Amino acid sequence: MGAQDAQDTARRLRTIGDELSDRFYERADVVRTLVITLLAGQHSLVLGPPGTAKSELARELTGRIDGASYWEILLSKFTAPTRMFGPIDVAALARGEYRQVYDGRATTAHIAFIDEIFKCSTAALNETLGFLNERIYHPENGGEPIRCPLIGAITASNELPTGEDSAAIYDRLLVRVEVGYLTDPSNFAALVRSAVGSAEAPPRTTVELAALQHAVAEAVPSVEVPDAVVDAVCTLRAALRRKELIASDRRWRQAVRLLQASAYLDGRTAVADTDLSVLTHVLWDSPAQRPIVEREVLHLVNPDAKEALDLADAIEELEAQLDAMAGQSREALSEWVIKKAHHQLATTGKRLEKLRAEAASAGRSTATIDRVTRRRHAVRARVLTEALGVDASTVQAQL
């Protein structure tokens with residue numbers, strides 16, 4: 001494949017990301033991160049409570065790869081390795097032959113979705129680690145290891161690992177993204193409306209398996225990593241170590257391919273400072289550490305985004321005040337809106353608009369600013385609906 005083909009693959013993947021972001025509300029960053037992870041040939045974890053569309057999003061994304069063999073499973077503590085990698089051929093066993101059937105199992109999959117990954121049984125642990133790490137499976141009869149064509153696995157869980165066995169798997173999932181329930185009332189209203197009646201079929205862009213494989217094996221690794229980016233990574237590592245946030249050398253090395261994948265997805269031939277933002281999903285172990293990592297990353301690469309996060313703190317505080325006022329009279333809530341919430345949200349909105357304009361004119365990423373802006377819209381929508389009694393279905397027009 002030539003440069004033009006590589007550009008077409010990146011364009012198609014960007015379009016797929018846009019289509020999924022339109023369909024799955026408040027998931028744009030999650031979608032982009034999952035696409036980048038597949039391009040890097042790595043595995044991801046989507047962490048969040050039940051009912052946050054983790055499975056549906058994974059299926060929709062992986063279903064956009066034409067020609068790919070897709071495998072998914074919901075694990076439990078009782079899941080046997082043969083159910084994952086290939087059941088015993090009963091007919092062959094009756095003839096005295098011990099053989100496994102691999103078709104349709106993990107051993108033949110290009111893309112895998114593993115739900116409740118941390119409930120992997122002890123019996124299947126070693127084979128699952130081998131599948132994720134080396135893309136190999138050791139047959140039950142002790143034959144030659146089977147090479148699996150796996151590009152990457154998307155995994156999901158409602159909770160963090162609790163035991164040593166599941167922690168070993170957690171360590172092998174390079175990218176970790178959090179999802180929660182919808183926060184913007186207007187998005188929630190749109191979600192409810194989508195369940196009523198027959199909606200028009202959304203556009204559905206796809207990419208060929210061979211094109212994705214070429215991107216993973218050839219195009220992404222050829223993206224240049226300038227010395228300035230290497231220096232920035234070293235600076236970030238030192239900053240995080242000062243805060244006692246330690247990532248393994250293996251994790252840092254693997255993260256470089258994510259930076260290359262981010263640049264490739266955007267149609268660039270060299271990694272830029274803005275690509276470092278993907279590391280906010282790599283360098284934490286517990287969700288409580290993620291905001292610290294994010295601030296250190298953004299302090300290094302994007303001062304506009306760092307200020308946007310400071311504004312996000314003020315927005316979160318305002319939302320906490322709204323939660324604390326639950327049950328109070330409409331008069332008390334209205335007074336709070338007039339005296340505090342309205343002014344603070346308006347001031348924050350103007351500052352975010354200015355930050356975005358400055359970032360765009362300087363060629364810097366506006367992703368974080370846009371995310372905080374959406375968060376502000378969500379909180380303002382809550383203020384309108386819960387404090388002032390505005391109909392949720394009409395809120396979007398007032399934002």
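Details of the structure are given in the entry above.
Residues numbered from 1 in each chain as written. Predicted model: local features only at pLDDT ≥ 70, side-chain atom pairs only at ≥ 80, totals over all residues. Heavy atoms only, no water.

*Asks:* Could you give an account of the overall build of the chain, with specific residues and numbers?
*Replies:* Looking only at helices and strands, the chain features 16 helices and 9 strands. For the chain, the C-alpha radius of gyration of 23 Å lies close to 21 Å, the compact-globule estimate for 399 residues. Along the longest, intermediate and shortest principal axes, the C-alpha atoms of the chain span 80 × 50 × 45 Å. A buried classification covers 47% of the 399 residues belonging to the chain. (Helix = DSSP H or I, 4+ residues; strand = E, 2+ residues; numbered from the N terminus. Rg over C-alpha atoms; globule rule 2.2 N^0.38 Å. Buried < 20%, exposed > 50% of the residue type's maximum accessible area, 1.4 Å probe, protein only.)

*Asks:* Requested: an account of unusual backbone geometry, with residues and values cited.
*Replies:* With a phi angle near 65 degrees, Ala53 is a residue other than glycine that sits in the positive phi range. Among the residues examined, Ala53 registers a relative accessible area of 29% and is labelled partly exposed. Notably, Glu116 is not glycine yet its phi reads approximately 50 degrees, a positive angle. Considering the arrangement of structural elements, one finds Glu116 in the loop between strand 4 (111–115) and helix 6 (122–133). Relative accessible area serves as the criterion here: at 9%, Glu116 is assigned to the buried category.

*Asks:* An account of the pattern of salt bridges is needed here, citing residue identities and associated values.
*Replies:* What the rule picks out here adds up to 29 salt bridges. Between Arg295 and Asp313 there is a salt bridge, with its nearest N and O atoms 2.4 Å apart. Linking Arg295 in helix 12 (residues 290–301) with Asp313 in helix 13 (residues 303–324), this pair joins segments that are 18 residues apart in sequence. On the accessibility criterion, Arg295 (25% relative accessible area) is partly exposed. A salt bridge links Glu316 to Arg375, with the nearest nitrogen and oxygen atoms 2.9 Å apart. Pair noted here: Glu316 is in helix 13 and Arg375 is in helix 15 (residues 367–387), with a separation of 59 residues, a long-range link. A single salt-bridge network, built from bridges that share partners, covers Glu19, Arg23, Glu56, Glu60, Arg64 and Arg204. (Salt bridge = Lys/Arg side-chain N within 4 Å of Asp/Glu carboxyl O.)

*Asks:* Lay out the packing of helix 10 (residues 227–242) against helix 12 with the relevant residues and their values.
*Replies:* Angle between the axes and distance between the axes: these two values describe a pair of packed helices. As a packed pair, helix 10 and helix 12 sit with axes 10 Å apart at the nearest point and diverge in direction by 140 degrees. Relative to helix 12, helix 10 is oriented oblique. Judged by the twist between their axes, the crossing of helix 10 over helix 12 is right-handed. Judged by residue contacts, Ala232, Thr235, Leu236, Ala239 and Leu240 of helix 10 engage Val293, Glu296, Val297 and Leu300 from helix 12. For the contact of helix 10 with helix 12, the residue count by class is 7 nonpolar, 1 polar and 1 charged. (Axes fitted to C-alpha atoms, helices over the stretch in contact; angles between N-to-C directions. Parallel < 35°, antiparallel > 145°, perpendicular 65-115°, else oblique. Left-handed = near helix turned anticlockwise from the far one by under 90°. Contact = heavy atoms within 4.5 Å. Nonpolar A, V, L, I, M, F, W, Y, C, P; charged D, E, K, R; others polar.)

*Asks:* Mind laying out the sheet that holds strand 4, listing which residues take part and the relevant values?
*Replies:* Read from one edge to the other, the open sheet built from 5 strands follows the order 3-4-7-1-8, with strand pairing classed as parallel. At either margin of the open sheet sits one strand with a lone partner, and together these are strand 3 (70–74) and strand 8 (175–178). Direction aside, the axes of adjacent strands within the sheet are offset by 15 degrees on average. For strand 3 and strand 4, the ladder comprises 5 bridges, and the chain directions are parallel. (Pairing = 2+ DSSP bridges.)

*Asks:* Describe the state of the cysteines, listing the residues and the values that go with them.
*Replies:* The tally for this structure, following the rule as stated, stands at 0 disulfides. We note that Cys120 lacks a disulfide partner, and the nearest cysteine sulfur, in Cys148, lies 14 Å from it. (Disulfide = S-S within 2.5 Å.)

*Asks:* Any chance you could break down helix 3 (residues 54–62) for me, citing the residues and the numbers?
*Replies:* By the criterion of burial, helix 3 is predominantly enclosed, with 7 of the 9 residues buried. Those residues of helix 3 not exposed but buried are Lys54, Ser55, Leu57, Ala58, Glu60, Leu61 and Thr62.

*Asks:* Kindly report on helix 13, identifying the contributing residues and their values.
*Replies:* The end-to-end C-alpha distance of helix 13 is 32 Å, a good match for the 32 Å that 22 residues give at a rise of 1.5 Å each. Residues of helix 13 that are buried include every one of Asp304, Ala305, Ala308, Leu309, Leu311, Ala312, Ile315, Leu318, Glu319, Gln321 and Leu322, and no others. Along its buried surface, helix 13 packs onto helix 12, helix 14 (330–361) and helix 15. (Expected span 1.5 Å × (residues − 1).)

*Asks:* A description of the environment of Ser262 should follow, citing residues and the corresponding values.
*Replies:* Here Ser262 is to be found in helix 11 (residues 249–265). C-alpha separation for the pair Ser262 and Val220, spaced 42 residues apart in sequence, amounts to 8.8 Å. Look past the residues within four positions of Ser262 in its chain and what remains in contact with it is Arg32, Ile36, Arg268 and Asp275.

*Asks:* Explain the packing of helix 13 against helix 14 to me, using residue names and the numbers behind them.
*Replies:* With their axes 10 Å apart at the nearest point, helix 13 and helix 14 run at an angle of 160 degrees to one another. Here helix 14 runs roughly antiparallel to helix 13, going by the angle between their axes. Along this stretch, helix 13 crosses helix 14, giving a crossing that reads as left-handed. Residues Asp304, Glu307, Ala308, Leu311, Ala314, Ile315, Leu318, Gln321 and Leu322 of helix 13 form the contact with helix 14, whose participating residues are Trp336, Lys340, Ala341, Gln344, Leu345, Thr348, Arg351, Leu352, Leu355, Glu358 and Ala359. Within the contact of helix 13 with helix 14, the residues separate by chemical class into 12 nonpolar, 3 polar and 5 charged.

*Asks:* How would you sum up the packing of aromatic side chains? Please name residues and give values.
*Replies:* Going through the model one piece at a time under the given rule, you end up with 5 aromatic pairs. Taking 5.7 Å as the distance between ring centres and 75 degrees as the angle between the ring planes, the aromatic pair formed by Phe85 and Phe131 counts as edge-to-face. Of the two residues, Phe85 is situated in helix 4 (residues 81–85) and Phe131 in helix 6; the sequence distance between them amounts to 46 residues. Judged on exposure class, the residue Phe85 and its partner Phe131 are both buried. Cation over ring: Arg176 sits above Tyr170, and NZ or CZ is 3.8 Å from the ring centre. (Phe/Tyr/Trp six-rings, centres within 6.5 Å; stacked < 30°, edge-to-face > 60°. Lys NZ or Arg CZ within 6 Å of the ring centre and 35° of its normal.)

*Asks:* Give me the lowdown on a nonpolar patch on the surface, citing residues and values where you can.
*Replies:* There is a patch of nonpolar side chains on the surface, built from Phe188, Leu191 and Val192 and spanning about 270 Å² of accessible area. Checked against the element boundaries, Val192 lands in helix 8 (residues 185–194). (Patch = residues over 30% accessible without salt bridge, like charges linked within 9 Å, V, L, I, M, F, W, Y side chains within 5 Å. Areas by Shrake-Rupley, 256 points an atom, 1.4 Å probe, with all protein chains shown as cover.)

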